[in-house]
Amino acid sequence: MSNENRPNIGEDYIRFHRAMTRGLAVSIQNINEFLKIGAVEVLYRDGFLKYVQCFSSVSHGHHLVEDEKIFPYFRDKLPEVPYERLISEHNILKGGLQEINTGLDNLRAGNDDLNSLKLLKSGFDKIDQIWYPHIEIENTQLYGRVGSLKIDPEEMIRLQKELVEFFQEHTGPEYLMGPFVLYNLSPEDRAIAAQGLPDMVMKQLIPIEWKDKWAPMQPFLLE
Ligand SMILES: [Fe+2]
Ligand SMILES: [Fe+2]
């Protein structure tokens, strides 16, 4: 029998990694293009800054929810996961995010674009160097094994809710975060992710109430 409809936070986080991976790749690709002309293209400036800001906030919240909630929860249940290695890699990733945040501040302040872009590039490169092996370990050794633990569906739903609330407390603003995550996912992944959201998010907030705020990011997002 298929487990497709059973709540499984392992599947949620493997999917979440895909959104972050696209955010990483799209950011680097655009930074490289802007570096060639020595500045952020005026037309895309607002959207690009928002997109990178979202990547940074989502990444910060994600590493934090893993360190503070997910790893402690699974430590006894999946003891063979190399938690210490993952936590120390999060510290390297956080170092990259700090450079990205400084680069963003400099761009917002209207400081020299070229130097700010170089700082963004340096931060993203630090992340890019360990991101793929990092999520490979998490996906295969942790998230991919959650289904085999036979956690009670009610407990899984409680855990899902706790993790989402914790993440939301440490990220923001939600009118950028929600669209950033959902529209860095393929339509198939997005449809699955949307099932876990209140109806009004997809029907009212994202397409209407929040639209003006996140629309500048659209050139960087999927349809
Ligand atoms: Fe991680
Ligand atoms: Fe992760």
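Keep in mind the model is a prediction, meaning the values are calculated, not measured.

Chemist: Go over the overall build of the protein, please, and point to the residues and values.
Modeler: Broken down by element type, the protein carries 9 helices and 0 strands. The linear arrangement of helices and strands in the protein, starting from the amino end, is α-α-α-α-α-α-α-α-α. Against the 2.2 N^0.38 benchmark of 17 Å for 223 residues, the protein shows a C-alpha radius of gyration of 18 Å, consistent with a compact globule. Principal axes of the C-alpha set define a box for the protein whose edges measure 55 × 40 × 25 Å. Per-residue burial over the protein gives 27% buried out of 223 residues. Across the protein, every contact between residues at least 6 apart in sequence was considered, and the portion connecting residues at least 24 apart equals 84%.

Chemist: Run through the environment of A215, naming residues and quoting values.
Modeler: Within the secondary structure, A215 is located in the segment after α9 (211–214). Separated by 39 residues in the primary sequence, A215 and L176 have C-alpha atoms spaced 9.2 Å apart.

Chemist: Describe the environment of F167, naming the residues involved and giving the relevant values.
Modeler: Note that F167 resides in helix α5 (residues 153–169). Overall, the presence of 19 C-beta atoms within 10 Å leaves F167 in the partly exposed class. Separated by 37 residues in the primary sequence, F167 and I130 place their C-alpha atoms 22 Å from one another. With near-sequence residues (within four places) excluded, F167 lies in contact with G61 and V65.

Chemist: Account for helix α1 (residues 9–37), naming residues and giving values.
Modeler: Compared with the 42 Å implied by 1.5 Å per residue over 29 residues, the 43 Å span of α1 between its first and last C-alpha is a close match. Of all the residues in α1, the buried ones are I9, G10, Y13, F16, A19, G23, S27, N30, I31 and F34. G38 lies just past α1 and shows a positive phi near 80°.

Chemist: I'd love a proper account of the nonpolar core, names of residues and values included.
Modeler: Grouped together as the largest cluster of nonpolar side chains are 38 residues, with contacts concentrated most on Y51, V52, C54, I100, L120, F180 and M217. Of all the secondary structure elements, the ones that give two or more residues to this core are α1, α2 (45–74), α3 (83–108), α4 (113–142) and α6 (174–182). No other element matches α2, which puts 9 residues into this core. If we ignore the near neighbours within four places in the chain, the residues touching L120 are I31, V52, I100 and G103.

Chemist: Help me get a handle on the packing of α1 against α4, residues and values and all.
Modeler: Relative to each other, α1 and α4 sit at 155°, their axes nearing to 10 Å. Taken as axis vectors, α1 and α4 run roughly antiparallel relative to one another. Along this stretch, α1 crosses α4, giving a crossing that reads as left-handed. Residue-level inspection shows I14, H17, L24, S27, I28, I31, F34 and L35 of α1 in contact with α4, the latter providing L117, L120, K121, F124, I127, D128, W131, I135 and N139.

Chemist: With reference to specific residues and values, describe the packing of α2 against α3.
Modeler: Axis separation between α2 and α3 bottoms out at 10 Å; the angle between their running directions is 155°. The orientation of α2 relative to α3 falls into the category roughly antiparallel. Handedness of the crossing formed by α2 with α3: left-handed. Counted together, L49, V52, Q53, S56, S59, H60, H63, E66, D67 and F71 of α2 and Y83, L86, I87, H90, L93, K94, L97, I100, N101, L104, L107 and R108 of α3 form the full contact between these two elements. The residue inventory of the contact of α2 with α3, partitioned by class, reads 11 nonpolar, 7 polar and 4 charged.

Chemist: Which residues make up α6, and what values do they have?
Modeler: Buried residues of α6: L176, P179, F180, V181 and L182, and no others. Residues of α6 that are buried make contact with α1, α2, α7 (187–195), α8 (199–209) and α9.

Chemist: Describe unusual backbone geometry, and please don't skip the residues or the numbers.
Modeler: Residues G172 and P173 are joined by a peptide bond in cis, for which omega reads -5°. Mapping P173 onto the fold places it in the loop between α5 and α6. If you check the backbone angles, K150 has positive phi at about 55° while not being a glycine. Take K150: it is sitting in the loop between α4 and α5.

Reading the values: the criteria
- Residues numbered from 1 in each chain as written.
- Chains lettered and ligands numbered in written order.
- Predicted model: local features only at pLDDT ≥ 70, side-chain atom pairs only at ≥ 80, totals over all residues.
- Helix = DSSP H or I, 4+ residues; strand = E, 2+ residues; numbered from the N terminus.
- Rg over C-alpha atoms; globule rule 2.2 N^0.38 Å.
- Buried ≥ 20, exposed ≤ 12 C-beta atoms within 10 Å, placed from the backbone.
- Contact = placed C-beta atoms within 7 Å.
- Expected span 1.5 Å × (residues − 1).
- Core = buried A, V, L, I, M, F, W, Y, C linked by C-beta atoms within 7 Å.
- Axes fitted to C-alpha atoms, helices over the stretch in contact; angles between N-to-C directions.
- Parallel < 35°, antiparallel > 145°, perpendicular 65-115°, else oblique.
- Left-handed = near helix turned anticlockwise from the far one by under 90°.
- Nonpolar A, V, L, I, M, F, W, Y, C, P; charged D, E, K, R; others polar.

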